[in-house]
Amino acid sequence: NADTAMYGAKNGGRNNYQFFVAAMHENAAQRLQTEVQLRQALERGEFLLHYQPKLNLAAGTISGFEALLRWNHPQRGLVPPLEFIGILEDTGLILPVGEWVIGEVCRQLAAWQAQGMTVRPVAINLSARQLQQADLDGAVERIVGRAGVDPALLEFELTESMLMANPEAAVEILTRIKALGIRLSVDDFGTGYSSLAYLKRFPLDALKIDRTFVRDLPDDPDDAAITKAVIRLAHSLSLKVVAEGVENVEQIRELEQYACDEIQGYYVSRPLPAHGCAALLAGAPAMA
Ligand code: C2E
Ligand code: MG
Ligand code: MG
Ligand code: MG
């Protein structure tokens, strides 16, 4: 970006400056190309979802999944969401793509049910632009109704910054979505700042503790204290707690001591294509 170019100009002399300017143009050109390709990706059917299970600690069973967006780029292969979600948001493409995600989850749930499987709720990540959409609840109701899926099988994940940007508006739209029967949770909890006064006014079902607090359990006493406190807070507000990013059994032992309800992370499973989830639900071992 421009700052980097300036830095190069002052500190690295002319060659570095040229290098940075070239890199800057390349990035801008690359981004533009990605934007053009993203505009076509939806109609070309290049988006797909992977699903990461959540494990109920007390029961030892899969309690649900989280749908995670992937872009199957013709040359680059599977592109992770952090490389393109920002562009979808900046261009407004997140609205049609976000609706596609909800529809695709519904289609998948119906397909699993048609196969005779006992399905579990699937969580969908919403972006700020979707929450600001005037008729989000109407759009969701239409998509879910058309698919003939029980709304109780859907959950929406929201971040603290999305909720706190305009808390009064968030209370209103979330109350309407909750009335449809859809569950609501706060993603990456602890990384933003939430007003506790509002937290109890949002019609929430769960908090997901961000993986940065889970990563250094049980060794880091600060992270242990934060995790314990968040679980207490959540339980006192009658919310379930999901710990994100669980990668080893020591973390699980610690989280069990704090009475954490559910865990999600590579230790249980990486995000899987839909057919991998079917195997999990059919009773194959959750931990491979
Ligand atoms: P998130 O919702 O917090 O999802 C968790 C991310 O952490 C996922 O990355 C997941 O693969 C990764 N993860 C899960 N377990 C572990 C673990 O044990 N260790 C580590 N290091 N990572 C783990 P992913 O799939 O790349 O998604 C990144 C972010 O992109 C998501 O964060 C979410 O904010 C966003 N995203 C994904 N799909 C969608 C979507 O359909 N719509 C919107 N608006 N955002 C999405
Ligand atoms: Mg999430
Ligand atoms: Mg998260
Ligand atoms: Mg995240």
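Since we're looking at a predicted model, the values are computed, not measured.

Rules behind the numbers
- Residues numbered from 1 in each chain as written.
- Chains lettered and ligands numbered in written order.
- Predicted model: local features only at pLDDT ≥ 70, side-chain atom pairs only at ≥ 80, totals over all residues.
- Heavy atoms only, no water.
- Axes fitted to C-alpha atoms, helices over the stretch in contact; angles between N-to-C directions.
- Helix = DSSP H or I, 4+ residues; strand = E, 2+ residues; numbered from the N terminus.
- Parallel < 35°, antiparallel > 145°, perpendicular 65-115°, else oblique.
- Left-handed = near helix turned anticlockwise from the far one by under 90°.
- Contact = heavy atoms within 4.5 Å.
- Nonpolar A, V, L, I, M, F, W, Y, C, P; charged D, E, K, R; others polar.
- Core = buried A, V, L, I, M, F, W, Y, C linked by side-chain atoms within 4.5 Å.
- Buried < 20%, exposed > 50% of the residue type's maximum accessible area, 1.4 Å probe, protein only.
- Donors = N, O, S within 2.8 Å, 3.2 Å for Na, K, Ca; no water.

## Section: the packing of helix α4 (residues 94-114) against helix α6 (residues 136-147)
- Between α4 and α6, the shortest axis-to-axis distance is 9 Å and the interhelical angle comes to 25 degrees. Accordingly, the angle class assigned to the pair α4 and α6 is roughly parallel. The chirality of how α4 crosses α6 is right-handed. Contact residues: Glu99, Ile102, Gly103, Cys106 and Ala110 in α4; Ala139, Val140, Ile143, Val144 and Ala147 in α6.
- Counted by class, the contact of α4 with α6 contains 8 nonpolar, 1 polar and 1 charged residues.

## Some points on the nonpolar core
- Core analysis: the largest hydrophobic core is formed by 79 residues, its most contacted members being Tyr51, Val105 and Trp112.
- Tallying contributions element by element places α4 first for this core, with 8 residues.

## Quick notes on the coordination of the magnesium ion (ligand 2)
- With distances of 2.0 to 2.2 Å, the protein atoms coordinating the magnesium ion (ligand 2) are Glu66 (OE), Asn125 (OD1), Glu157 (OE) and Asp187 (OD).
- Considered as a linear motif, the donors of the magnesium ion (ligand 2) on their single chain read E-x58-N-x31-E-x29-D.
- Between the magnesium ion (ligand 2) and the magnesium ion (ligand 3), a separation of 4.0 Å is found, and both are coordinated by aspartate 187. Placement of glutamate 66 in strand β2 (residues 61-73) and of aspartate 187 in strand β6 (residues 183-189) is noted, with a sequence separation of 121 residues between them.
- Overall, glutamate 66 belongs to the buried group, its relative accessible area being 5%.
- On the basis of relative accessible area, aspartate 187 is assigned to the buried category, the value being 7%.

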